[in-house]
Amino acid sequence: MSSQSTPFHWNQLDEKLANLMHSKLAEEFGKLNREDFQQIHYLNMGNGNAMTVPAQRFEMHVLRTDEMAARMYDMYCEVWRCQQQSPSPDFVRAVCKHGIGMMLSARTNSVTHEFEMEQMRTHHHNPQWLKARTESFKREMQLL
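Residues numbered from 1 in each chain as written. Predicted model: local features only at pLDDT ≥ 70, side-chain atom pairs only at ≥ 80, totals over all residues. Heavy atoms only, no water.

A. Here's a closer look at a nonpolar patch on the surface. Judged by side-chain polarity, Y42, L43 and M45 come together as a nonpolar surface patch covering roughly 410 Å² of accessible area. Its place among the elements puts L43 in helix α1 (residues 15-43). Overall, the relative accessible area of 58% leaves L43 in the exposed class. (Patch = residues over 30% accessible without salt bridge, like charges linked within 9 Å, V, L, I, M, F, W, Y side chains within 5 Å. Areas by Shrake-Rupley, 256 points an atom, 1.4 Å probe, with all protein chains shown as cover. Salt bridge = Lys/Arg side-chain N within 4 Å of Asp/Glu carboxyl O. Helix = DSSP H or I, 4+ residues; strand = E, 2+ residues; numbered from the N terminus. Buried < 20%, exposed > 50% of the residue type's maximum accessible area, 1.4 Å probe, protein only.)

B. Looking closely at unusual backbone geometry. A positive phi is found at Q84, a non-glycine position, where the angle reads about 65 degrees. Relative accessible area serves as the criterion here: at 59%, Q84 is assigned to the exposed category.

C. Quick look at helix α4 (residues 127-143). Over its 17 residues, α4 runs 24 Å from end to end, which matches the ideal 24 Å to within 8%, given 1.5 Å per residue. Taken together, the buried positions of α4 are L130, R133, T134, F137 and M141. In a view along the axis of α4, the buried residues occupy a sector of 105 degrees, so they form one face of it. Across from the buried face of α4, at angles greater than 90 degrees, the exposed residues are Q128, K131, Q142 and L143. For α4, the elements touching its buried residues are α2 (52-82) and α3 (89-122). Looking at where α4 begins, the residue whose side-chain oxygen comes 2.8 Å from the main-chain nitrogen of Q128 is N126. (Expected span 1.5 Å × (residues − 1). Arc of directions from axis to C-beta. Contact = heavy atoms within 4.5 Å. Polar contact = N/O pair within 3.5 Å; in protein donor to acceptor, adjacent residues only side chain to side chain.)

D. Molecular detail of the packing of aromatic side chains. A complete count under the given rule lists seven aromatic pairs for this structure. Considering the side-chain rings of F58 and F115, the 4.0 Å spacing of their centres and the 10 degrees angle between planes classify their relative orientation as stacked. Taken as a pair, F58 in helix α2 and F115 in helix α3 lie far apart in primary sequence, 57 residues in all. Both residues of the pair, F58 and F115, count as buried. Look at W80 and F91: their rings are 5.7 Å apart centre to centre, the planes differ by 15 degrees, and that puts the pair in the stacked class. Here the residue W80 occupies a position in helix α2, and F91 occupies one in helix α3, the gap between them amounting to eleven residues. Across the pair, F91 and W80 agree in class, each one buried. Put simply, the rings of F58, F115, W129 and F137 pair up and form one aromatic cluster. (Phe/Tyr/Trp six-rings, centres within 6.5 Å; stacked < 30°, edge-to-face > 60°.)

E. Looking closely at the pattern of salt bridges. Under the criterion given, the structure shown has nine salt bridges. The salt bridge involving K138 is made with E135; its shortest N-O contact spans 3.6 Å. Placement of both K138 and E135 in helix α4 is noted, with a separation of three residues, approximately one turn of the helix. What emerges from the salt-bridge pattern is a single network uniting D36, R64 and E67.

This is the structure:
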């Protein structure tokens, strides 16, 4: 592989290959999230603390998102190597901004919306706890 002499631009990445690989990754993590959700509920059957399950779900989302971010980075590097290129600092910054940053934002919004809709349907969560935990979750996702 040769050293990259020109700055990397996001549109240089093979979008079709990246989208194909991203779809497979999203499918895999969707399945893992469903399995995690079921396991959390199963392990807490009979638990008298009503906040345990939602707290563990937030934690699970942070851990899975961190894992997904690492896998996405590897995926983008693989796409770039398939194009006979080596990752450069410009490449890393673009992947963080356009690929991983967009995923983190989408996951944050999706998870918070999931809990807000659940609260509206069931009224199971303490609204003050949910608001505080949602804000904490958003900060954790920003740190990723």
